[in-house]
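A look at the structure
Take a look at the letters that make up each chain.
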2 protein chains.
Amino acid sequence: MKTENSFVCPIPIQQYPQVLLAHGGGGTLTHQLIEKMFLPAFGNPLLGARHDGAVFDAPGHRMAFTTDSYVVRPLFFPGGDIGALAVNGTVNDLAMCGARPLYLSAGFIIEEGLPMDTLWRVVQSMKRAADDAGVQLVTGDTKVVDRGKGDGIFINTSGIGAVRPGPAIVPSSVRAGDRILLSGDIGRHGIAIMAVREGLEFETTITSDCAPLAGIVAALLDAGIDIHCMRDLTRGGLASTLVEIAEATALQCEIEEVSVPVREEVRAACEILGFDPLYVANEGRFAAFIPPDQAERALDLMRQHPLGAGAEIIGTVKTGSPGLATLRSRIGATRVIDMLSGEQLPRIC
Amino acid sequence: MKTENSFVCPIPIQQYPQVLLAHGGGGTLTHQLIEKMFLPAFGNPLLGARHDGAVFDAPGHRMAFTTDSYVVRPLFFPGGDIGALAVNGTVNDLAMCGARPLYLSAGFIIEEGLPMDTLWRVVQSMKRAADDAGVQLVTGDTKVVDRGKGDGIFINTSGIGAVRPGPAIVPSSVRAGDRILLSGDIGRHGIAIMAVREGLEFETTITSDCAPLAGIVAALLDAGIDIHCMRDLTRGGLASTLVEIAEATALQCEIEEVSVPVREEVRAACEILGFDPLYVANEGRFAAFIPPDQAERALDLMRQHPLGAGAEIIGTVKTGSPGLATLRSRIGATRVIDMLSGEQLPRIC
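Quick notes on the overall build of chain A
- Helix and strand counts for chain A stand at 9 helices and 14 strands.
- Rg of the C-alpha trace for chain A: 21 Å, near the compact-globule value of 20 Å for 349 residues, within the 12% margin.
- With the principal axes as the frame, chain A shows a C-alpha extent of 65 × 50 × 30 Å.
- Here chain A holds 349 residues, and the buried ones make up 63% of them.
- Accessible area for chain A stands at about 12,500 Å²; split by element, carbon and sulfur atoms hold 51% of it.
- Averaging the positions of the 29 positive and the 40 negative side-chain charges in chain A gives two centres separated by 2 Å.

Written out as C-alpha cells, the structure is:
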C-alpha cells in the first residue's frame, strides 16, 4: 500500500484510461476507485473505516466548520493545481477562524472522460497538501456526470478545526485604531491563472501563492498576539475583504497604496489585462486586524515565517467614514474602494 | 426578513432572470445573493456571522462528519428535488453513524444561466428539509461555472453530528445471528427518477422515498436497541449494502426474496426498464443489523414510525459462506448477490 509515493496510477490505465460514468455508480468500479486509489493515497484509520461518515472524538470545546467548492480552470497552473487549492483553501478558511485545521472531507464531481491519470495527479497533490498542512482527509464522495455536463473535475472540501481558547476572531472584534497587516505581495494567484489562460509569457513565470496559512497564524497566536479578525484574500482580493470588514464593523478601513506589496511582473500583467491588483485573488495571503500596540511585534512574527516574509502594515481602522474602505494613493489623494461589481476573473478557485 | 415562507424570489427576477458568472465572483452580486437569498432563507446566528466558517461548541464527546455531492437529473422529480435530497442524504449518512445530525454546510456549483427562480425553489426546499430534519445550515459557498460546463446546479452538503454514547455502530460490530431489518419497500427513488427521464406513465405516479432517517433511528436507539450496523440504501441499492457488509465482516448476509417489500408499480417499472429492484437506489430506506433477541422489538418500533410502516425482517447474518451476500428465492433456490458492475442509473442522487 505504498502508492502514496508512487507516480504510477493504481488503476490500470490500459483498461480504464478515462473515468467512466460507472466509476460514480456505487458498484464495482466505484469500489475499485475507493479501494485502490483513495484509501491508499489518503490512508488513515478514520477513512479506512469505510463507513458513511468519519467518527472521531471532539477536538476541543469550540469548533470551526467550513466548506468550499473548487472549479478552477485550468486544473494545473504554475505554483499549484485544483487539488492543492482544494486543501489549502479550506485549511485557510479554518485558520482565519482561529482554528487548528484537523479533518477534511472531499467531494469529487468528475466529468465522464477525465483521464484517469489526471485524477491520480490531483489526488496525489491533495495528499501532499494535506500532509503539509497537517490535516487528515477522513471522508469523501465521488460522483461522475455525463460528458459535457461538467468540466474535468470539481472538488468540494469541507473542514473541521479546533478553535483556540481566547477572544473570538471575528469582524465584530475589530476596533478603531487597529492596524491592518498584510502577509505578503498580492495578486499572484489570479495572474498566474490568467497568464496560462491567455497564453501570456513573461520573463519569469508568475506562480500562484497557493499555500496553507495555518502555520503562520499559529505562530501569531502562540506568541500571544490578540488578532481581532483575519481574512484570506481569495475571490475579490484585498479590496473585497476591506469593504466587507468596513461594512460589518461600521468603521473605516484605510490603507496606504504605497505600503501594499505587488511584484513588478504582477503589476505589469495587471496593466496588460486591465486588472487592479487590489481585486485579484490570492490563495496564500491574508489580512489581519491587530491592536496598535501589538502591530510591530505581529509584523516581526509574520516576517519570520516563510509565508510572511513580505508582510507589511498597510493601514489603520478609523472612525472617520463609517462603513467605507479607502485608499490613500501615492500622491496623497484618498479614494473609496468599492466592491467589485462584475466578474473580473471567473473560475479562479 | 420573512422570505423563508415566501414564494417570491428575493432577487429581482426582471433584473437578474438567470444566474450570471458574476454571482459567483465574490463581488456585489455574490454579496446580494448571500444577503438577500441565502441568509434570510437559512437564517441562524452561525450563518449570520458571515465569517469564513461557522464556529460552535463541540456537540458532545464523539462526532460524525460526512460529505456528499448531489448531481441528480432532473432537478425536480415526484417526491423531491435536488435540494431536499442534498439535505436528507447527508442527514441520513449521519444517522447511519448513530449520530444526531446538527450542522450542515452547502456548496453550490451553478451553471451560468440557471433560472434565478429555480435556485430559489431549490433553496426553499433545502430550508424545509433542514427544518424537518432538525439541522441548521451554518456555512456555505457558491461557485458559478460557464454555460455548458455544468448542468444547472450541483450541491455538496457536508454534515456534523453528535454520536450517541454506546457501542460503535459499524460493520465490525455485526455478529453471526444478527437479523437484517429493512425499513420499508425498496426501489422508489430510482424508479421515480427514471420514469421522469424516460417519460414513462403509470396509473399512479411513483414518488421518491426521499426522507430524513434521523428520527426513526433515534426511536430505535432511544428504546435501547443495540443496533450493530446501519446503512441507507442509496446508490447500488440493498444489494450493494449487503455485499459491502458481507465483505467487511467476512460473514454471510442471507436474505429471503419473499420478505423484501417492493411495490407492484415499482416491480412493473423495473420489468419494463430491465432493472432489478435490489440494485435500485433509495433515499429514505435503510437496513439495520440487530441482535436476534431484539429483532422483533426493533421491527415493532420501526413500524410505529411513519417512515418504517412497511418494515420487515428480511434475513440473517450467517457464517456459512464468508464474505458473500445471498438471496433465497421464492422457490427456495439460493443465489449469490453480486455488486453491480456497470452503471445502472447514472445521476440518481
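A look at the sheet that holds strand β12 (residues 312-318) of chain A
All names here are of chain A.
- What the 7 strands build is an open sheet, ordered β9-β11-β8-β12-β10-β13-β14; its pairing is mixed. This sheet does not close on itself; its edge strands, each paired only once, are β9 (229-232) and β14 (334-337). Strand-to-strand, the axes of this sheet are offset by a mean angle of 25°, without reference to chain direction.
- With 4 bridges joining them, strand β10 (residues 252-256) and strand β13 (residues 325-328) adopt parallel strand pairing. Paired with Glu256 across the two strands is Arg328, which belongs to β13.
- Running over the sheet, helix α3 (residues 82-96) touches β9 and β11 (286-290) and is turned about 170° from β9.

Some words on the relation of the copies chain B and chain A
- Rotating chain B by 180° and translating it 0.0 Å along the rotation axis places it on chain A, where the RMSD comes to 0.0 Å. What the rotation and shift describe, once combined, is the action of a two-fold rotation axis. Among all C-alpha atoms of chain B, that of B:Gly150 lies closest to the rotation axis, at 2.2 Å.

Here's the deal with the side chain of A:Asp185
Residue and element names in this part refer to chain A.
- Along the chain, the position of Asp185 falls in the loop between β8 (179-182) and α5 (188-198).
- At 3.0 Å, the side chain of Asp185 forms a polar contact with the side chain of Arg188.
- Only 3.3 Å separates the side chain of Asp185 from the side chain of Arg263, close enough to count as a polar contact.
- Excluding residues within four positions of it along the chain, Asp185 makes contact with Pro261, Val262, Arg263, Asn282, Arg285 and Gly310.

Quick word on the pattern of salt bridges
- Under the counting rule described, the total for this entry stands at 34 salt bridges over all chains.
- We note a salt bridge from A:Asp146 to B:Arg347, for which the minimum N-O separation is 2.9 Å. Pair noted here: A:Asp146 is in the loop between β6 (136-145) and β7 (153-163) and B:Arg347 is in the segment after β14 (334-337), and the two residues belong to different chains.
- Salt bridges sharing partners connect three or more residues here, namely A:Asp68, A:Arg235, B:Asp141 and B:Lys143.

Quick notes on the confidence of the model for chain A
- Per-residue confidence for chain A averages 94 on the pLDDT scale, and 97% of its residues sit at or above 70.
- Every residue in residues 1-5 of chain A is under pLDDT 50, and counting partners more than four places away or in other chains gives 9 contacts.

Focus: the sheet that holds strand β1 (residues 54-57) of chain B
- Taken together, 5 strands build an open sheet; the order of strands is β6(A)-β5(A)-β7(A)-β2(A)-β1(B) and the sheet is mixed. Each edge of the open sheet is held by one strand with a lone partner, namely β6 of chain A together with β1 of chain B. Strand-to-strand twist of the sheet, defined as the mean angle between neighbouring strand axes without regard to direction, takes the value 20°.
- Pairing between strand β5 (residues 99-111) of chain A and β6(A): 9 bridges, direction parallel. Looking at the pairing, A:Gly107 lines up with A:Asp141 of β6(A).

A word on the pairing of strand β2 (residues 62-70) of chain B
- Taken across its 9 residues, β2(B) has 8 buried, putting it largely inside the fold.
- Pairing of strand β1 (residues 54-57) of chain A with β2(B), which is carried by 4 bridges, proceeds in the antiparallel orientation. Residue pairing for β2(B): A:Asp57 is matched across the bridge by B:Arg62.
- When β2(B) meets strand β7 (residues 153-163) of chain B, the two strands line up antiparallel, connected through 8 bridges. Following the sheet pairing, B:Tyr70 is matched in β7(B) by B:Ile155.

Some words on the packing of aromatic side chains
- Across all of its chains, the model carries 6 aromatic pairs over all chains by this definition.
- Considering the side-chain rings of A:Phe56 and A:Tyr103, the 4.3 Å spacing of their centres and the 40° angle between planes classify their relative orientation as tilted. With a gap of 47 residues between them, A:Phe56 in strand β1 and A:Tyr103 in strand β5 connect regions that are remote in the sequence. A:Tyr103 matches A:Phe56 in its accessibility class, with the two residues each being buried.
- Note on A:Phe154 and B:Phe154: the rings are 6.4 Å apart at their centroids and 50° apart in plane angle, and the pair reads as tilted.

Let's talk about the environment of B:Pro74
Residues and elements named next belong to chain B.
- For Pro74, the location among the structural elements is in the loop between β2 and β3 (76-77).
- Overall, Pro74 belongs to the partly exposed group, its relative accessible area being 21%.
- For the pair Pro74 and Ser125, spaced 51 residues apart in the sequence, the C-alpha separation amounts to 15 Å.
- Those residues within four positions of Pro74 in sequence are excluded, and the remaining contacts are Ile193, Val196 and Arg197.

Definitions and limits used
Residues numbered from 1 in each chain as written. Chains lettered and ligands numbered in written order. Predicted model: local features only at pLDDT ≥ 70, side-chain atom pairs only at ≥ 80, totals over all residues. Heavy atoms only, no water. Helix = DSSP H or I, 4+ residues; strand = E, 2+ residues; numbered from the N terminus. Rg over C-alpha atoms; globule rule 2.2 N^0.38 Å. Buried < 20%, exposed > 50% of the residue type's maximum accessible area, 1.4 Å probe, protein only. Areas by Shrake-Rupley, 256 points an atom, 1.4 Å probe, with all protein chains shown as cover. Lys, Arg positive; Asp, Glu negative; His and termini not counted. Charge placed at Lys NZ, Arg CZ, Asp CG, Glu CD. Pairing = 2+ DSSP bridges. Axes fitted to C-alpha atoms, helices over the stretch in contact; angles between N-to-C directions. Contact = heavy atoms within 4.5 Å. Least-squares fit on C-alpha atoms with pLDDT ≥ 70 in both. Polar contact = N/O pair within 3.5 Å; in protein donor to acceptor, adjacent residues only side chain to side chain. Salt bridge = Lys/Arg side-chain N within 4 Å of Asp/Glu carboxyl O. pLDDT = per-residue confidence, 0-100. Phe/Tyr/Trp six-rings, centres within 6.5 Å; stacked < 30°, edge-to-face > 60°.

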